[in-house]
Every structure is written in C-alpha cells, then in structure tokens.
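Observations on the three-dimensional arrangement
This is what each chain is made of:
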Amino acid sequence: MIPHRTDHHHWNAATQTASREQLDALHLERIRHLVGWAYENSPLHRRIYDAAGVKPADIRTWDDYHHRLPFTDKPDYVADQESGDSGFGGVALGTDRWQQYFHTTGTTGRFLNEAFTHYEMHKAGSQYCYGLWDHGIRPKDSIYFCFDFGMWIGLWSYYWGARNLGLTIISGGGASGAQRVRQILERRPTIVCGTPTYLLHLAEIAQREGLDIREAGVKMVAGGGEAGFSIPATREQLKQAWGVEHVYDAYGVGEALFIGQSCAEWAGGVHAVEDVCHSYSVDPDSGDPITASGEVGEHVITSYTHFAQPFIKYRTHDLVRIDTAPDHGCGWTWKHLPGVVLGRADFMVTIRGVNVYPTAVENLIGEVPGLSNHYELHISRVEGMDRMLVKVEAGPGVVDGSGVLADRLADHLRANIGVRLETDVLAPGALPRYELKTKRIFDSRSASERPIATLGGRA
Amino acid sequence: MTTTDMTTTDLTGTGTPSVPSVLGAEADAQRERLVALRRRLLAEQAGALSPAVARALEMADAYLFLALGYVGHTEELFPGEAPGAAPGP
C-alpha cells in the first residue's frame, strides 16, 4: 500500500491556491458545459432558457452568465416536481443512473426531493476534505456521527466526506443521548459531528450522568444545520463544553450541500469550495452582481456536484458578504464569506426602518451574561409593522423573576442594532430540543407580508 | 472577475478539444496522464469478462474522475456523460 501523503499543507493546492484569473477560467468553462448539459437533458432547464430566449451557445462570457442566463429558484424545481411523474424537479438523468435520493428539511416550505448518482455523492463528499485537512485531520483520524441516517440529506454528505478523506467512521445512529455520551467516551473519536445545539445538549446530558465529556479527548466538533458554528459565543461554549481545539464551521445549501468550509484560521467565516461550485452574490432586487468586495448580497450558486439534477445560477436567498481576495494567512485563494449567512432575503425584518438580521440577533444573545444558547426568534406583522420577539432561556441556575435579564438583553440589542426588540427570558429547559436542525425562527407573516427580496446590508 | 471569452483549444494534437492550460505545467502533465489512464480503464471496462469486473471498473472510474476534477479537467462533467460512453456508476 502506498502511504498517504500527509505532509502537504493543502488538500489540493493546484486549485486551492490558484489565481482568481485561473479559477474564473475554469468556472466559465464548467458553467458553459453545464448549461449545455442541462439544456439538452433537463426539460425544466430547457423551458426556462427557451422562455428567456437563451441558447447554451449564447453563454460565452461572464457578462452573458450574469446578464443573459436566467436565474433558477426552488419554486421552479418544486413546481416541476409536483407536475411530473418522477416526483423530482429539474431532472437530467434517468432513474436507472440514480443511486440514492433524499429531501431537504423543508424549513422554507415544501420538501425538495434530490437525486444522486454514485459519482455525485463522492464529489459532494470531497468538499469537506479541504477544510478538514487544513485543520490537521488525517486518514488515521476518526469521526463519530450523532445522527440517525434518515432522508434528510445534511449529515449524509458529511459521511461521504469522511469516507472520501479516509476517516474511521463511528455511527451513533439509533442511540439515546446518554448512550452516545458513553460511546464517545469509550471510542474517543477525533471529531464528533452533529448540530451545534445537539452537541451542547450532549454535554449537558454528560453532566447530568456525572460524566465529563472532555475526557473523551475529542479534538474537533463539526456538523451543520444551524448557524451556531459561525457564532463566536456558541463556538466558545462548544470549546468549553467539549474541551476541543477546533470548532469546524461549514455552510450548506440544501440543494448543493456544504459548499462553504472553514480553513484553520477561520477568520470569522468559510471559503466557497470552488472545486465544487461557483459562488457570487447579487442585488436581490435588480439581480445585478455585487461588485464591491464585502457588500451584502444574495448568494447565487452553480453546483458542480449535481448533474442528475442540475442547479445553475440558483438563488439561495441567503444574504452574504463575499471577500473575493481573502488574505488571512491560510493561503487559500477561494472566496471567503465572513459571517457566513447574515440573514435570509425572505426572513428579513424591517423594524421601525432598521433592517434586522436574525444572525446578528443570535450573535448578540451570546454576549449577555446569564443567558443560555437556547433561543427562538418570532417574527410577526402587527398593524402593518414587522415585529420580532426574542425568547431565550436563562442559563443553568439563573432565575429572571424581575425581568432584569430581559431588559438587559433588550438594551444590548438596541445598543448594537439600533432598535428595541421585544424580549422574553424563560426558565432553563423551557424551549424544545432537537436532534437535527433546530427551529429557531418562527415567521408568522403571510407570504404577501414577507419581503420578496430585501438587500439588508445597506441599512 | 475576468470577462474572458473562453474558446477551447486542442492541447493534445489529437483533435480532442480540451481546456486551455490554466493550472500550470505540473497540473497539466498530471491531467494528461490521468486522461490516458482513464482511456485504458474505459477500454478494459468495455471488455470486462463479467458484470462483477465491469461494475468494479465503473466504480474505479468514479474515483479516477475525482482526481481529474482536482487538476482542472473540464471536458466532461461526470463519468458517463458522453452519449455512447460506458455508463457511469
């Protein structure tokens, strides 16, 4: 057996450190090819492109891509999924080539069914290797999954990534929280993978059981499904609770999986994995590309891991900042998204003229002593005005009988966001716990009351 | 952002259009070797003695294709894309 080459600093320096000109040349070639593939094989894409009067041969330059090629969006796929016989939208390959199918969580409405070939699963798994390698993870290491392998695609792709990198996999499927704590202490994995909320929950269970999860010697916690791995206060809580050196940040889009991965320097965000996708941002109103580095826009992606069901110039509705020339010492030249997802174009709330990012609120909650990381944001529309109620649990052993903590949180939010939000501090344990993606945002506005698109960063 | 009009050129002199050299000589050289290796693999797959051998080689092709992607291969999007090619796994 040829020994693994573990001495290289980067997983794939040829592309990971390539110049912007080199990367853009590869992107354009792949996008042109992909548009041709989709036009010839996906009835949905052909309809969309024909309606726009665009043929694949018309897409030759970045200007063509940005201004002539139409966007695609989840409703296009859902409508196609519901009108066709296959139950899948935007399909470009026959079912004889599929190897597995999944669905998204459906947190933004309907489930979107997704089909994968064998190659696509491995290609999607490859996106994890760049960041994990950068953090010093090597094939001799191991990963424990706090995950029942169901239809939700999220952590499945992490599993493919672990296989791709060559990690030893330990499945915690079908086990209770207490059983998982004991398995982790017994198996001593290098990485434990779950949602941030669930990982903190496991640490609480360990404490209740009289066990110290830090004795497992875990070096990294990782996973996804929520914003927690991007939030400094939650990252610090995870480090303290697990005694880990590394908290791995990754950004996923249900339709393209975890296309953003953090380097070891982190720098407050993730890099777009440009071997598996093209990433840029647009003004949600005009659709024009954001050209100023660091300005907020809606993230638009083209996936190079999906060919059975292509996603090309696909609107994610995530609001991001993109640094096109990151220079924080990691050596990667791939675009960097500081703050990862700043908000959702369709979850944007404007309160008394101030655009409020839910992610900003999440960050600020963690800065108030006495509060826990368990919270919910309730968005509503009352008499034509958006409102946000922040519900958060007090920390263990803390009682907020007189409302001092709630006032302190409201003051802190006002000082940093510029507007007073309603706050309610609850007793520890009052909010539900979730094993998978934690539901944090409850938007009771009707579809017509929600902004179709809002560019929040200019407020 | 570049606005290059990307016209494919023939690097190999075999009449097969390929991506211009964008990642440097070392990556180009490895890509050319991998393309040649894949050609042999697909030929072997076409002449496989049994479904077992054919399927094993299909899976090998998927892994080989990952390597091609790492060094800037853009001629195909995925194994088995081309009509008439051996089906990708």
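Residues numbered from 1 in each chain as written. Chains lettered and ligands numbered in written order. Predicted model: local features only at pLDDT ≥ 70, side-chain atom pairs only at ≥ 80, totals over all residues.

A word on the nonpolar core
Note on soluble globular proteins: their nonpolar side chains tend to be buried together. Residues and elements named next belong to chain A. Counting residues in hydrophobic clusters, the biggest one holds 140 residues, and the most contacted among them are Val192, Cys193, Leu199, Val221, Trp242, Ile259 and Leu409. Broken down by element, the residue count for this core peaks at 10 residues, all from helix H2 (residues 20-41). Not counting residues up to four positions away in its chain, the partners in contact with Trp242 are Leu199, Ala203, Ile213, Arg214, Val218 and Val221. (Core = buried A, V, L, I, M, F, W, Y, C linked by C-beta atoms within 7 Å. Buried ≥ 20, exposed ≤ 12 C-beta atoms within 10 Å, placed from the backbone. Helix = DSSP H or I, 4+ residues; strand = E, 2+ residues; numbered from the N terminus. Contact = placed C-beta atoms within 7 Å.)

What about the sheet that holds strand S15 (residues 343-344) of chain A?
Pairing is antiparallel in the open sheet, where 4 strands are placed in the order S11-S12-S13-S15 (chain A). Each edge of the sheet is formed by a strand with only one pairing partner; in this case those strands are strand S11 (277-282) and S15 of chain A. (Pairing = 2+ DSSP bridges.)

Digging into the sheet that holds strand S4 (residues 168-171) of chain A
Hydrogen bonds between backbone atoms are what pair the strands of a sheet, whose relative direction is either parallel or antiparallel. Residue and element names in this part refer to chain A. Read from one edge of the open sheet, 5 strands run S4-S3-S5-S6-S7, paired in parallel fashion. Looking at which strands have only one partner, the edges of the open sheet turn out to be S4 and strand S7 (246-247). In this sheet, S7 lies alongside strand S6 (residues 220-223) in parallel orientation, the contact comprising 2 bridges. When the bridges of S7 are listed, Val221 appears paired with Val247. Set on the sheet, helix H8 (residues 154-165) makes contact with strand S3 (142-145), S4, strand S5 (191-194) and S6; between it and S3 the angle comes to about 165°. (Axes fitted to C-alpha atoms, helices over the stretch in contact; angles between N-to-C directions.)

A word on the interface of chain A and chain B
Chain A puts 29 residues into the contact, and the matching count from chain B is 25 residues. At 12 residues, H2 of chain A tops the list of elements feeding residues into the side of chain A that touches chain B. Residue classes in the side of chain A that touches chain B are distributed as 10 nonpolar, 9 polar and 10 charged. (Nonpolar A, V, L, I, M, F, W, Y, C, P; charged D, E, K, R; others polar.)

What about the environment of Leu211 of chain A?
Residue and element names in this part refer to chain A. Tracing the backbone shows Leu211 in the loop between helix H10 (196-208) and S6. C-beta crowding within 10 Å serves as the criterion here: with 17 such atoms nearby, Leu211 is assigned to the partly exposed category. Separated by 30 residues in sequence, Leu211 and Val181 have C-alpha atoms that sit 8.3 Å apart. In this structure, Leu211 is in contact with Val181, Leu185 and Ala206, ignoring residues within four places of it in sequence.

A look at the domain arrangement of chain A
Partitioning chain A into domains gives domain 1 (13-123 + 253-341), domain 2 (136-247) and domain 3 (349-458). Relative to domain 3 of chain A, the C-alpha centre of domain 1 of chain A lies at a distance of 31 Å. (Domains from an automatic or database assignment.)

Points about the pairing of S11 of chain A
All names here are of chain A. The buried fraction of S11 is high, at 6 of 6 residues. Pairing of S11 with strand S12 (residues 296-303), which is carried by 6 bridges, proceeds in the antiparallel orientation. Counted as the bridge partner of Ser279 is Ile301 from S12.

Brief notes about the confidence of the model for chain A
Residue-level pLDDT values for chain A average 88, and 93% of them are 70 or greater. Of all secondary-structure elements in chain A, the lowest mean pLDDT belongs to strand S17 (residues 354-356) of chain A, at 70, while helix H4 (residues 62-67) of chain A reaches the highest, 98. (pLDDT = per-residue confidence, 0-100.)

A word on the confidence of the model for chain B
Residue and element names in this part refer to chain B. For chain B, mean pLDDT is 79; residues scoring 70 or higher make up 70% of the total. In the predicted structure, residues 1-17 sits below a pLDDT of 50 and forms 28 contacts with residues beyond four places in sequence or in another chain. With a pTM of 0.81, the predicted complex shows an ipTM of 0.80.

Things to note about the environment of Phe88 of chain A
All names here are of chain A. Tracing the backbone through its elements, the reader meets Phe88 in the loop between helix H5 (74-83) and strand S1 (100-103). Looking at Phe88, the number of C-beta atoms within 10 Å reads 20, which means it is buried. For the pair formed by Phe88 and Arg182, sequence separation is 94 residues and the distance between their alpha carbons is 40 Å.

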